[in-house]
Amino acid sequence: MSKVIFVTGAGRGLGTDIAREALATGHQVVATGRRPEEVEKTLGGPQDNLLATKLDITSPEDAQAAAQAAVDRFGRIDVLINNAGNLFTGYFEEISPAQMRQQFETNLFGPMNVTRAILPLMRRQRAGHIITITSTVGLVGMEFTSAYAVSKFAEEGWMESLHYDVEPYNIHTTVVEPGYFRTELLVDGSTTWPELSIDDYAPRTALRIEGMKSMNGRQPGDPAKLARALLTIADQDKPLQRFVAGADAIEAAQTKAKELLAQAEASRELGGSLAYNDTQA
Ligand SMILES: NC(=O)c1ccc[n+]([C@@H]2O[C@H](COP(=O)([O-])OP(=O)(O)OC[C@H]3O[C@@H](n4cnc5c(N)ncnc54)[C@H](OP(=O)(O)O)[C@@H]3O)[C@@H](O)[C@H]2O)c1
């Protein structure tokens, strides 16, 4: 069934694959980006089923205008895919407070701006589906990744809670944790290196930067296949609430789940009986 699919960050990387795949499978697509002309060009130029419109996700005004443009053109929005994001790297002490805030502006407050603009419409429709791309690093903390991880963990918590808020209005949520996919995330336009430099960390920082740069172009995941999987989920009557995407991501999530179970169990003796003893006279 043809749906109206609204995608953020559609001009490059995974967002382009999602928009392409959605168009190829007959959906109506609102492909958004900071440079809408580039988005439209990348997707093959003007088409009846395509609206390319400006949306810098850090701007609530852009989000409202893009949502309105989508409704003016297609009358509704069935699926929102919060895809746009970027990556601030570094050891915690080398990431400036301003960089930490910038990371949150894009990876947390950005999707919130867009979702806030679209939810009133989905509630009126009594139907909708919000898909948010977080990361394996939204489940598992990693060295040199504290800013990105904290923004993606926050996005996870928001999405898990939002699920309960909007479920009564027939609005579904799916949170997606990809592993490493071969997009443009590890290039300079998407990755920001740490602003500060501390001698203790310097050799490790240099090694990490070299390692991440050399991984660019060699990530195992194919974003076109991920895009196809996401559109399958968008078509499900009862969509997956969580989609762990890629063999590397599944392994990481399973390891984390086992660790959590073991840590909860190990906490039982000390943490399992901390309640008031209200029954004592
Ligand atoms: N690739 C991976 O290995 C991987 C793994 C886990 C999670 N993810 C997540 O997957 C999502 C897509 O990333 P990707 O891998 O496709 O990276 P990408 O190739 O770097 O693409 C990022 C996209 O986000 C857009 N964007 C960034 N800031 C924006 C803003 N303020 N407003 C609007 N658009 C903005 C970029 O647009 P511009 O062209 O305007 O910069 C670009 O279209 C991100 O949320 C990322 O965190 C990726």
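All figures in this text were calculated on a predicted structure; none of them were measured in a lab.

Trainee: Kindly report on the overall build of the protein chain, identifying the contributing residues and their values.
Mentor: Within the protein chain, the secondary structure is distributed over eight helices and nine strands. Against the 2.2 N^0.38 benchmark of 19 Å for 281 residues, the protein chain shows a C-alpha radius of gyration of 20 Å, consistent with a compact globule. The principal-axis extents of the C-alpha atoms in the protein chain amount to approximately 65 × 60 × 35 Å. Counting all 281 residues of the protein chain, 48% fall into the buried class. Contacts in the protein chain between residues far apart in sequence, at least 24 positions, make up 72% of those at least 6 positions apart.

Trainee: Lay out the side chain of Asn107 with the relevant residues and their values.
Mentor: Relative to the helices and strands, Asn107 is located in helix 4 (residues 97-125). Within the structure, Asn107 has its side chain in polar contact with the backbone oxygen of Asn86 (distance 2.9 Å). One polar contact links Asn107 to Ser151, side chain to side chain, over a distance of 3.2 Å. With residues near it in sequence (within four places) discarded, Asn107 still touches Gly85, Asn86, Tyr148, Ser151, Lys152 and Glu155.

Trainee: Just give me the short version of the packing of aromatic side chains, but keep the residues and values in it.
Mentor: Inspection of the entire model under this criterion finds three aromatic pairs. Ring geometry for Phe104 against Phe109: centres 6.4 Å apart, planes inclined by 45 degrees, an arrangement best described as tilted. Judged by its relative accessible area of 37%, Phe109 falls in the partly exposed class. Here the aromatic cluster, defined as three or more aromatic residues joined through ring pairs, consists of Tyr91, Phe144 and Tyr201.

Trainee: Could you give an account of the sheet that holds strand 9 (residues 242-245), with specific residues and numbers?
Mentor: Across a sheet, strands are paired by hydrogen bonds formed along the backbone, either parallel or antiparallel in direction. Read from one edge of the open sheet, seven strands run 3-2-1-4-6-7-9, paired in parallel fashion. The open sheet has two edge strands, strand 3 (50-54) and strand 9, and neither has a second partner. Averaged over all adjacent pairs, the angle separating strand axes in this sheet is 15 degrees, with direction ignored. Bridge count for strand 7 (residues 171-178) against strand 9 is four bridges, and the pairing is parallel. Looking across to strand 9, one finds that Pro178 is bridged to Ala245.

Trainee: Help me get a handle on the layout of surface pockets, residues and values and all.
Mentor: Estimated volume of the second largest pocket: approximately 260 Å³. Those elements giving two or more residues to the lining of the second largest pocket turn out to be strand 6 (128-133) and helix 7 (223-235). For the lining of the second largest pocket, the per-class residue count stands at five nonpolar, five polar and five charged.

Trainee: Account for the site of the ligand, with residues named and values stated.
Mentor: For the ligand, the set of nearby residues contains 27 residues, the closest of which are Leu14, Arg34, Tyr148, Thr183 and Ser190. Between the ligand and Gly9 there is a distance of 3.0 Å, counted from an oxygen atom to a backbone nitrogen or oxygen. Note that an oxygen atom of the ligand is positioned 3.4 Å from one of the backbone N or O atoms of Leu185. Of all the elements in the fold, those that place two or more residues in the shell around the ligand are helix 1 (13-24) and helix 5 (146-166). Across the shell around the ligand, the residue classes break down as 10 nonpolar, 11 polar and six charged.

Trainee: Please provide a residue-by-residue account of helix 1, values included.
Mentor: In a regular helix each residue adds 1.5 Å, so 12 residues correspond to 16 Å; helix 1 covers 17 Å between its end C-alpha atoms and thus fits that length. In terms of burial, helix 1 is a largely internal element, nine of the 12 residues being buried. Of all the residues in helix 1, the buried ones are Leu14, Gly15, Thr16, Asp17, Ile18, Ala19, Glu21, Ala22 and Leu23. Backbone geometry just after helix 1 places Gly26 at a positive phi near 90 degrees.

Trainee: Any details on unusual backbone geometry? Residues and values, ideally.
Mentor: One non-glycine residue, Arg126, lies in the positive phi region at around 55 degrees. Within the element layout of this structure, Arg126 appears in the loop between helix 4 and strand 6. With a phi angle near 65 degrees, Asn170 is a residue other than glycine that sits in the positive phi range. One can find Asn170 in the loop between helix 5 and strand 7.

Trainee: Outline the pairing of strand 3, supporting the account with residue identities and numerical values.
Mentor: Counted residue by residue, strand 3 has four buried out of five residues, so it is predominantly covered. Where strand 2 (residues 28-33) meets strand 3, five bridges bridge the pair, whose relative direction is parallel. From the neighbouring strand, Gly33 faces strand 3, where its bridge partner is Lys54. Regarding topology, helix 2 (residues 36-42) serves as the crossover connection from strand 2 to the parallel strand 3, and that connection is right-handed.

Trainee: Residue-level account of the packing of helix 3 (residues 60-74) against helix 4, with values.
Mentor: At a closest axis distance of 8 Å, the pairing of helix 3 and helix 4 adopts a crossing angle of 35 degrees. Handedness of the crossing formed by helix 3 with helix 4: right-handed. In this structure, helix 3 uses Pro60, Ala63, Gln64, Ala67 and Val71 to contact helix 4, whose residues at the interface are Asn113, Val114, Ala117, Ile118 and Leu121. Tallied by class, the residues present in the contact of helix 3 with helix 4 amount to eight nonpolar, two polar and no charged.

Rules and cut-offs
Residues numbered from 1 in each chain as written. Predicted model: local features only at pLDDT ≥ 70, side-chain atom pairs only at ≥ 80, totals over all residues. Heavy atoms only, no water. Helix = DSSP H or I, 4+ residues; strand = E, 2+ residues; numbered from the N terminus. Rg over C-alpha atoms; globule rule 2.2 N^0.38 Å. Buried < 20%, exposed > 50% of the residue type's maximum accessible area, 1.4 Å probe, protein only. Contact = heavy atoms within 4.5 Å. Polar contact = N/O pair within 3.5 Å; in protein donor to acceptor, adjacent residues only side chain to side chain. Phe/Tyr/Trp six-rings, centres within 6.5 Å; stacked < 30°, edge-to-face > 60°. Pairing = 2+ DSSP bridges. Axes fitted to C-alpha atoms, helices over the stretch in contact; angles between N-to-C directions. 1 Å grid on protein atoms, 1.4 Å probe; cavity = no way out; pocket = protein on both sides within 12 Å on 5 of 7 lines; lining within 4 Å. Points joined across faces, edges and corners; volume = space filled by probe spheres on them. Nonpolar A, V, L, I, M, F, W, Y, C, P; charged D, E, K, R; others polar. Near = heavy atom within 4 Å. Expected span 1.5 Å × (residues − 1). Right-handed = clockwise from strand over helix to strand, strands pointing away. Left-handed = near helix turned anticlockwise from the far one by under 90°.

Geometric values such as these leave the question of function open.
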